[in-house]
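Notes for the structure review
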Amino acid sequence: MMKPRKIELLAPARNLECGRAAVDHGADAVYIGAPRFGARAAAGNTLEDIAALVDYAHLFRVRIYVTVNTILRDEELAETQEMIWELYRIGVDALIVQDMGILKLDLPPIPLHASTQMDNRTPEKVRFLADTGFRQVVLARELELGEIRRIHEECPDVPLEVFVHGALCVSYSGQCYVSQACFGRSANRGECAQFCRLAFDMEDADGRKIVRDKHLLSLKDLNQSDRLEELLDAGATSLKIEGRLKDVAYVKNVTAAYRRKLDELFSRRKEYVRASSGEVRLDFRPQLDKSFSRGFTHYFLDGRNMDIFSFDTPKSLGEEMGTVKEVRGNWLTVAGVKPFNNGDGLCFIDERGKLQGFRVNRAEGNRLYPQEMPRIKPRTVLFRNYDQAFDKALSHKTAERRIRVDIELGECPFGFMLGMTDEDGLRAVLSFDYPKEPARTPQADNLRRQLDKLGNTPFEPSAIRLSLSGEWFIPASVLTDWRRRVVDKLLQVRRMTCPRETARISRRPVPFPVQELTYLGNVMNGQAEQFYRERGVLRIAPAFEKRPPKDAVLMFCKHCLRYSMGWCPVRQKGRSPYREPYYLVASDERRFRLDFDCKNCQMKVSHETD
């Protein structure tokens, strides 16, 4: 019989508070930004906070991954090396990296994970990374289910990490240079300016307007909560929630929702098991549509589809509440079944296609009294992007994670012994020199009641056994002290015995799949260049951030506007009434040419220059 495969729910953490919330709400692993050089420059954390998160997470066998996934300048490598050693010393379980120059540094034996910024979408690339020494590979978001399955079948020994929830980049990760080109802010350096969330006009070669003032590159948010079983069967091992810039309410709600889904799956699919310890108990019902989202999509999991974009707005719509039925002087009624709350934030798309919003001052059933009456018409669809009651509930303690323990009170020649054995089989036993004084009344109930009091610890009794030869009197204060000392001992044992993987980069250079790297290789420093040359790459261009090539493609997108318009000549046999090439025109009149690579099923975005 095959050994069950451990499945990891991987949650984001902007800071220590979010990291602890992720652990409490069911994460098996948490990823968090390093003090520097993470792909979210605004989400750096101190070593002290990361160490505190490691200490807390390891009690539950939850792993901590730290992102060091930007490309690095030569002068930054020494600082990066020193920081990596510090992260290793505080117990971090793995690093998520992009820059191959890191692999040429003097590294501790810490596992490395290949960031999605490396553009990991083929079995050949995944096999190269694994043979080089990477312990886990983060796949590109654009992959279809069959492509994930093929990578797993050809690389069955490689843990594959796939995104299951959160914001989507319209360009392949690591292959987007438009923010650097337009604003001097490199996405590969953690400073993305969110160009893809802007509004554009779309014009043809003759200057005719095809679309006006729409968010043509802004995608809906990913939600694979109903596809988890298929992803696991295809070979995914780690299921990743996007959101290192999201707040703690988002982390709580989304992590808990996926934890619940996975636990239900594991209860009937015994070949899959959790990758951490401790039972999660929630004080709320998680609902994904109550956290930030631009609407949900499965993206390309089933191939091309028309539900991935939301051209009207890049902002959060939230949950659909119903349609406006009647509008009067200072109130309106809504046809829907979901209840409203005083203070709710509602939004809608107006007749010009723009997102509008208002706050509910008072709700009386389906009659709403806004703080300021919006210009809204009957039959308009209403969404709630701020649920006052739900948000208030999430502001309090909403979960606790407990490790089951068996407790045994027994005797020893000079007194008593107290032991605890946890659900992972770890045991702490202490002996106490204390006289055996006969009690006047039966003591079993009182002893169990005192031993059961583990409320402010991570432990919860599953069984309490009394192995006593008589009715002995042990004062409650004494038993409380014994219990506290055994708990402290078991906590110490759990921290000392938390499994920690080690890994080294292969000393034997594995040939890279190609012999030439363009600017798309993101080679920023001399160490990265040396790494690739040692692996057979003959021609290496510098990173875009180091020397921008003339007429470079700035974005490589599987999302295709020609397909979205119904004009794909391959899949839809469509015919456009407009003459190519098409252009996106920004509000500042900058123009971006669209080219369509049908062979590779990609749309390319380039900056038009004079």
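If you're wondering where the values come from, they're calculated on a predicted model, not measured in any experiment.

About the cut-offs
Residues numbered from 1 in each chain as written. Predicted model: local features only at pLDDT ≥ 70, side-chain atom pairs only at ≥ 80, totals over all residues. Heavy atoms only, no water. Helix = DSSP H or I, 4+ residues; strand = E, 2+ residues; numbered from the N terminus. Buried < 20%, exposed > 50% of the residue type's maximum accessible area, 1.4 Å probe, protein only. Contact = heavy atoms within 4.5 Å. Pairing = 2+ DSSP bridges. Axes fitted to C-alpha atoms, helices over the stretch in contact; angles between N-to-C directions. Right-handed = clockwise from strand over helix to strand, strands pointing away. Phe/Tyr/Trp six-rings, centres within 6.5 Å; stacked < 30°, edge-to-face > 60°. Lys NZ or Arg CZ within 6 Å of the ring centre and 35° of its normal.

What about the side chain of Ser173?
One can find Ser173 in the loop between strand E7 (160–166) and helix H6 (178–183). Classification of Ser173 as buried rests on a relative accessible area of 9%. Those residues in contact with Ser173, other than ones at most four positions away along the chain, are Thr116, Gln117, Asp119 and Arg141.

As for unusual backbone geometry
Note the cis peptide between Glu580 and Pro581, where omega equals 5 degrees. Tracing the chain through its elements places Pro581 in the loop between helix H13 (561–564) and strand E28 (582–585). Notably, Asn522 is not glycine yet its phi reads approximately 55 degrees, a positive angle. Its identity is not glycine, yet Glu589 carries a phi of approximately 75 degrees, on the positive side. Among the secondary structure elements, Glu589 is positioned in the loop between E28 and strand E29 (591–597). Using a relative accessible area of 59% as the deciding quantity, one classes Glu589 as exposed.

Description of the environment of Val92
Topologically, Val92 is positioned in the loop between helix H3 (77–89) and strand E4 (94–97). Residue Val92 is classed as buried on the basis of its relative accessible area of 0%. Spatially, the C-alpha atoms of Val92 and Ala335 are 52 Å apart, while their sequence positions differ by 243 residues. Residues contacting Val92, with those up to four places away along its chain left out, are Ile50, Val54, Ile64, Val66, Leu87, Ile110 and Arg500.

Describing the sheet that holds strand E15 (residues 319–327)
Spatially, six strands are ordered E15-E16-E19-E18-E17-E20 in a closed barrel, and the strand pairing comes out antiparallel. On average, each strand axis in the sheet is inclined to that of its neighbour by 50 degrees, with strand direction left out of account.

What to know about the environment of Leu160
Here Leu160 shows up in strand E7. On the basis of relative accessible area, Leu160 is assigned to the buried category, the value being 0%. On a C-alpha basis, the gap between Leu160 and Gln443 in space is 54 Å, while along the polypeptide they are 283 residues apart. Contacts of Leu160, omitting those with residues within four sequence positions, involve Val126, Val137, Leu139, Ile148, Ile151, His152, Gly235, Ala236, Thr237 and Ser238.

Let's talk about the pairing of strand E3 (residues 63–68)
Each regular strand carries side chains that alternate between the two faces of the sheet. Taken across its six residues, E3 has five buried, putting it largely inside the fold. Note: strand E2 (residues 29–33) against E3, five bridges, orientation parallel. Among the inter-strand pairings, Ala29 is bridged to a residue of E3, identified as Arg63. Where E3 meets E4, four bridges bridge the pair, whose relative direction is parallel. Pairing of Val66 across the sheet is with Leu95, part of E4. Regarding topology, H3 serves as the crossover connection from E3 to the parallel E4, and that connection is right-handed.

Re the sheet that holds E28
By way of backbone hydrogen bonds, the strands of a sheet pair with one another, either parallel or antiparallel. Strand order in this open sheet of six strands is E9-E8-E28-E29-E30-E27, and the pairing throughout is antiparallel. Strands with a single pairing partner mark the edges of an open sheet, and in this sheet they are strand E9 (209–214) and strand E27 (553–557). Direction aside, neighbouring strands of the sheet carry axes that sit 20 degrees apart on average. Pairing of strand E8 (residues 200–203) with E28, which is carried by three bridges, proceeds in the antiparallel orientation. Considered in E28, the bridge of Glu203 is made with Tyr583.

Examining the packing of aromatic side chains
For the structure shown, the criterion picks out 21 aromatic pairs. A centroid spacing of 5.2 Å and a plane angle of 65 degrees characterise the contact between Tyr177 and Tyr519, whose relative ring orientation is edge-to-face. Of the two residues, Tyr177 is situated in the loop between E7 and H6 and Tyr519 in the loop between strand E25 (516–517) and helix H12 (526–533); the sequence distance between them amounts to 342 residues. Since its relative accessible area comes to 11%, Tyr519 is described here as buried. For the pair Trp567 and Tyr582, a centre-to-centre distance of 6.0 Å together with 55 degrees between the ring planes defines the contact as tilted. With a gap of 15 residues between them, Trp567 in the loop between H13 and E28 and Tyr582 in strand E28 connect regions that are remote in the sequence. Comparing Trp567 with Tyr582 shows no difference in burial state: the two are buried. Clustering of aromatic rings is evident, with ring pairs tying together Phe128, Phe512, Phe531 and Tyr532. Of note, Lys290 hangs over the ring of Phe390, and the distance from its end group to the ring centre comes to 5.6 Å. Taking the ring centre of Phe416 as reference, the NZ or CZ of Lys436 above it sits at 5.3 Å.

What is shown is where atoms sit, not what they do.
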